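The lines below spell out each chain.
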Amino acid sequence: MPKQNFTPALLMSFVIIGIIVCLVLFPHDGFQAALRGVAIWWDVLFPALFPFFVISEIMLGFGIVHFFGTLLDPMMRPVFRIPGIGGFVMAMGFAAGYPVAAKLTAQLWEQKLVNREEGERLVAFTTSSDPIFLIGAVSIGFFHDATLAFILAIAHYGGSFMIGLIMRFHGRKALPTPGPPRERGSIWKQAFQTMHSARLRDGRSLGTLLSESILHSLRLMFVVGGLVVFFSVVLEVLTSAQVMNVFYLLITSLLSITGLPHELSQAVMNGLFEVTLGAKAAGGAPASIALSSKVAIGAFILSWAGMSVHAQIVSLLSHTNMRYLPFLFARLLHGILSAAIVLLIWEPMQRFRSPQAVFLPYYEENSPVISYLKLIFPISAMVFVGAFAVIMSLFLAYSLLRLVYEKVGGTR
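Residues numbered from 1 in each chain as written. Predicted model: local features only at pLDDT ≥ 70, side-chain atom pairs only at ≥ 80, totals over all residues. Heavy atoms only, no water.

J.: How do you make sense of the overall build of the protein chain when you look at a structure like this?
T.: Check the secondary structure of the protein chain and you find 17 helices and 0 strands. Put simply, the protein chain has 412 residues, and 50% of those count as buried. A fraction of 80% describes how many contacts in the protein chain between residues 6 or more apart in sequence connect residues 24 or more apart. On the protein chain, roughly 20300 Å² of surface is accessible, and the fraction owed to carbon and sulfur atoms is 70%. (Helix = DSSP H or I, 4+ residues; strand = E, 2+ residues; numbered from the N terminus. Buried < 20%, exposed > 50% of the residue type's maximum accessible area, 1.4 Å probe, protein only. Contact = heavy atoms within 4.5 Å. Areas by Shrake-Rupley, 256 points an atom, 1.4 Å probe, with all protein chains shown as cover.)

This is the structure we're talking about:
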């Protein structure tokens, strides 16, 4: 009989007991943190995520996802080494924010449309903030400067594409998922045929599909809300118990090495647990700190996404064979890249900053739910279309480089 290692279980037990003790010692702080977590879930996450959860379920049932998969397969495989269906996941992930991409990837794995390595690559670079949260909540709500949205968007989404190109080398020895059979005729016709076949295999009526999509999305939203409240409470009670001081010292040392102000250590610590709390702390940092440093930390927090989002991803992928470590590595690297991009483009982007942000939406802090419902679809649609445009551009660049390489190789 193999020897069992109880060390991880014991450590987890001590951590849980410690959190319970902190909750008993600081009940008021924990209660206030729970209220803040519920407010974040209801005001920001529910209106931003729930429509996309339902829409993604319906699109899978109707075969629309399979349509895009066939259409994008010739472009996604050479660039990112994932099936074409990953292009739709990427567009939805960028438009709807975390954890929509992980939810779609788990469903594709269940349907055997991606394997473990492809799913890990896909989740690693498609997990991102939605544009409404980036613009309305972070740029306007926390930093009170709408012109920062362009810098944050370039750093955040640009870093995502860089992670996608880096992660294409992950699992190089794994066999790829077979692509759609190459047939003569238009690829559009083949895509529509694939969509029709997927719809027939699903077989649910429109009413059944809609009701099941809503019920499943509601269950998932309560899981997301519970994790946000949990991590908000844990962070607050551990801070009240002075347990976080050790981590503050470690983060302060790391910030000193990078040249960033140590006053931003609290924002980093909050962001390690929950992205909203961290971004709010970065925006509310003292005015004496350089704005570029605060925005760089904000970009890091957005890309790291917080342990709350990490827990959501783990929960969504728990029934698959996809591993957490590649996702963890990608989030950390994405955060570092995003912060570095902000610092690199800060000076060149100053000429594009203007007091009047004509093309940015108006966000009302007093009525966040109404603001989100008014803005989420047009802005997310722009990001959705933009993601496909970037896929096309990367494919054209890849094809051009390959053609040049073949020409050069042919002349040797």
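J.: Could you clarify how one ought to interpret the side chain of S308 in this entry?
T.: Along the chain, the position of S308 falls in helix α15 (residues 306-317). Relative accessible area serves as the criterion here: at 0%, S308 is assigned to the buried category. The contacts of S308, once residues within four sequence positions are left out, are L227, V228, F231, F273 and E274.

J.: It is not clear to me how helix α12 (residues 265-273) should be interpreted in this structure. Could you clarify?
T.: In an α-helix, one full turn covers 3.6 residues, which means residues spaced three or four apart are oriented alike. By the criterion of burial, α12 is predominantly enclosed, with 7 of the 9 residues buried. Taken together, the buried positions of α12 are occupied by S265, A267, V268, M269, N270, G271 and F273. Of the surrounding secondary structure, the elements contacted by the buried residues of α12 are α10 (206-240), α11 (245-258), α13 (275-283), α14 (291-304) and α15.

J.: When you look at the pattern of salt bridges in this model, what are you seeing that I'm missing?
T.: Pairing is possible between side chains of opposite charge, provided their charged atoms come close. Here the structure, examined in full by the defined rule, presents 8 salt bridges. With a shortest N-O distance of 2.8 Å, D73 and R77 are connected by a salt bridge. Residue D73 and its partner R77 are both found in helix α3 (residues 64-80); the two are separated by 4 residues, about one turn of the helix. Note that D202 is salt-bridged to R204, the shortest N-O span being 2.9 Å. The class of D202 is partly exposed, set by a relative accessible area of 27%. Salt bridges sharing partners connect three or more residues here, namely R199, D202, R204 and E212. (Salt bridge = Lys/Arg side-chain N within 4 Å of Asp/Glu carboxyl O.)

J.: When you look at unusual backbone geometry in this model, what are you seeing that I'm missing?
T.: Among all residues save glycine, negative phi is the norm, and among peptide bonds the norm is trans. The omega torsion across Y98 and P99 is 5 degrees, close enough to zero to call that bond cis. Counting through the fold element by element, P99 comes out in the loop between α4 (85-96) and α5 (100-110). Its identity as a non-glycine residue notwithstanding, R81 has a phi of 60 degrees, on the positive side. Mapping R81 onto the fold places it in the loop between α3 and α4. Among the residues examined, R81 registers a relative accessible area of 21% and is labelled partly exposed.

J.: Looking at this model, I keep getting lost on the packing of helix α8 (residues 148-167) against helix α16 (residues 325-349). Mind explaining?
T.: One way to put it is that α8 packs onto α16 with a least axis distance of 8 Å and a crossing angle of 135 degrees. One finds that α8 runs oblique with respect to α16. Helix-helix and strand crossings are classified by hand; for α8 and α16 the assignment is right-handed. Taken together, the residues that form the contact of α8 with α16 break down as 19 nonpolar, 6 polar and no charged. (Axes fitted to C-alpha atoms, helices over the stretch in contact; angles between N-to-C directions. Parallel < 35°, antiparallel > 145°, perpendicular 65-115°, else oblique. Left-handed = near helix turned anticlockwise from the far one by under 90°. Nonpolar A, V, L, I, M, F, W, Y, C, P; charged D, E, K, R; others polar.)

J.: Help me understand the packing of α4 against helix α6 (residues 116-126), please; the structure alone is not making it clear to me.
T.: For any two helices packed against each other, one specifies the crossing angle of their axes together with the interaxial distance. The interhelical angle for the contact between α4 and α6, taken along N-to-C directions, is 25 degrees, at an axis separation of 9 Å. As judged from the angle between their axes, α4 and α6 are roughly parallel. Judged by the twist between their axes, the crossing of α4 over α6 is right-handed. Contacts between α4 and α6 involve G86, V89, M90, G93 and F94 on the former and, on the latter, L122, F125 and T126. For the contact of α4 with α6, the per-class residue count stands at 5 nonpolar, 3 polar and no charged.

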